[in-house]
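As a plain string of letters, each chain reads:
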Amino acid sequence: KQEVTQIPAALSVPEGENLVLNCSFTDSAIYNLQWFRQDPGKGLTSLLLIQSSQREQTSGRLNASLDKSSGRSTLYIAASQPGDSATYLCAVTGRRALTFGSGTRLQVQP
Amino acid sequence: ETGVTQTPRHLVMGMTNKKSLKCEQHLGHNAMYWYKQSAKKPLELMFVYNFKEQTENNSVPSRFSPECPNSSHLFLHLHTLQPEDSALYLCASSQATGVETQYFGPGTRLLVL
């Protein structure tokens, strides 16, 4: 059974810092890995999708990497802003549609 | 805003009530999903529909009954729920199952008294 773990569970940083969120998964037989953002009381917004054959994807200040063999992904956020405050979820597509981690709750202090 | 809408956004029901959650996608997708998000637990997949056919039931209790009349609409019928079923229920859609990005609706916040 696939398990996805995200570390840290919560993170508070001052505005302008670069930060890294970590995701690990136990079964490397995945089709892709996605990073989502969830604002309080809202649904999920897809940020980046990395196919299993890819190593990384970039969108603006966000960069996600994937090391399938070791079961790890990182989400790098450059020059963080208060508007980045949200919960960030990692999810892998394998034999099941999506298996999610518990998320990292990020607070960026102005 | 995504092209996936959910109604109602909030619902309070007693354990003997029957209610339905509705999801509609305007993206021309063929696959639709129900997820449950409980406090302090990861998002859990409940059901998957592909071209109106149910392809996955993640051991969900029968008090949750999904219905997919067409590729654009997905319902979750609720009856005799328990307080532990209180959660955020999220609907998602994708072009196809498997490798495609899923687009999520805003969710229905359900409270069972």
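Residues numbered from 1 in each chain as written. Chains lettered and ligands numbered in written order. Predicted model: local features only at pLDDT ≥ 70, side-chain atom pairs only at ≥ 80, totals over all residues. Heavy atoms only, no water.

Participant: Would you explain the sheet that holds strand β3 (residues 19-25) of chain A in this entry?
Facilitator: The strands making up a sheet associate through hydrogen bonds between their backbones, and the pairing can be parallel or antiparallel. All names here are of chain A. Taken in spatial order, the five strands of this open sheet run β1-β3-β8-β7-β6, and their pairing is antiparallel. Of all the strands in the sheet, the pair left with one neighbour each is β1 (4-7) and β6 (56-59). For this sheet, the mean angle separating the axes of adjacent strands, direction not counted, is 15°. Both β6 and strand β7 (residues 62-67) contribute to a ladder of four bridges, which runs antiparallel. Looking at the pairing, T58 lines up with N63 of β7. (Pairing = 2+ DSSP bridges. Helix = DSSP H or I, 4+ residues; strand = E, 2+ residues; numbered from the N terminus. Axes fitted to C-alpha atoms, helices over the stretch in contact; angles between N-to-C directions.)

Participant: How should I be thinking about the interface of chain B and chain A in this particular structure?
Facilitator: It is common to give the size of an interface as the accessible area lost on bringing the parts into contact. With 21 residues of chain B at the contact, the number on the chain A side is 21 residues. Of the roughly 1,500 Å² buried at the junction of chain B and chain A (both faces included), carbon and sulfur atoms supply 54%. Taken together, the links from chain B to chain A amount to zero salt bridges. Where chain B touches chain A, the interface holds two residue pairs in polar contact (both at pLDDT 80 or more). Taken together, the elements giving at least two residues each to the side of chain B that touches chain A come down to β4 (31-37), β5 (44-50) and β9 (87-94) of chain B. (Contact = heavy atoms within 4.5 Å. Buried area = accessible area lost by both parts, 1.4 Å probe. Salt bridge = Lys/Arg side-chain N within 4 Å of Asp/Glu carboxyl O. Polar contact = N/O pair within 3.5 Å; in protein donor to acceptor, adjacent residues only side chain to side chain.)

Participant: Honestly, the pairing of β3(A) in this entry has me stumped. Any pointers?
Facilitator: Consecutive residues of a regular strand have side chains that alternate between opposite faces of the sheet. All names here are of chain A. Of the two faces of β3, the one holding L19, L21, C23 and F25 is buried and the one holding V20, N22 and S24 is not buried anywhere. With four bridges connecting them, β1 and β3 associate as antiparallel partners. Looking at β3, one finds that V4 is bridged to F25. Summarising the sheet, β3 and strand β8 (residues 72-77) pair through six bridges and their orientation is antiparallel. Residue pairing for β8: C23 is matched across the bridge by S73. (Buried < 20%, exposed > 50% of the residue type's maximum accessible area, 1.4 Å probe, protein only.)

Participant: What exactly am I supposed to notice about the pairing of strand β3 (residues 18-25) of chain B here?
Facilitator: Residues and elements named next belong to chain B. Relative to β3, strand β1 (residues 4-7) runs antiparallel, the two sharing four bridges. Paired with T5 across the two strands is E24, which belongs to β3. Pairing between β3 and strand β8 (residues 73-79): seven bridges, direction antiparallel. By the bridge assignment for β8, K19 is matched with L78.

Participant: I keep staring at a nonpolar patch on the surface and nothing clicks. Help me out?
Facilitator: On the surface, a cluster of nonpolar side chains totalling about 290 Å² of accessible area is made up of B:V12, B:L111 and B:L113. As for its position among the elements, B:L113 is in the segment after β11 (108-112). (Patch = residues over 30% accessible without salt bridge, like charges linked within 9 Å, V, L, I, M, F, W, Y side chains within 5 Å. Areas by Shrake-Rupley, 256 points an atom, 1.4 Å probe, with all protein chains shown as cover.)

Participant: Help me understand unusual backbone geometry, please; the structure alone is not making it clear to me.
Facilitator: With the exception of glycine, most residues fall at negative phi, and the peptide bonds are largely trans. A:I7 connects to A:P8 through a cis peptide bond whose omega is 0°. Relative to the helices and strands, A:P8 resides in the loop between β1 and β2 (10-14). Omega for the bond connecting B:T7 with B:P8 falls within 30 degrees of zero, at -10°, which places this linkage in the cis form. With respect to the helices, strands and loops of the structure, B:P8 is situated in the loop between β1 and β2 (10-13). Positioned with a positive phi, B:K52 is a non-glycine residue whose angle comes to about 70°. Take B:K52: it is sitting in the loop between β5 and β6 (53-57). We classify B:K52 as partly exposed; its relative accessible area is 42%. A positive phi angle, close to 50°, is found at B:T80, a residue other than glycine. Residue placement: B:T80 occurs in the loop between β8 and β9. According to the relative accessible area criterion, B:T80 is partly exposed, its value standing at 42%.

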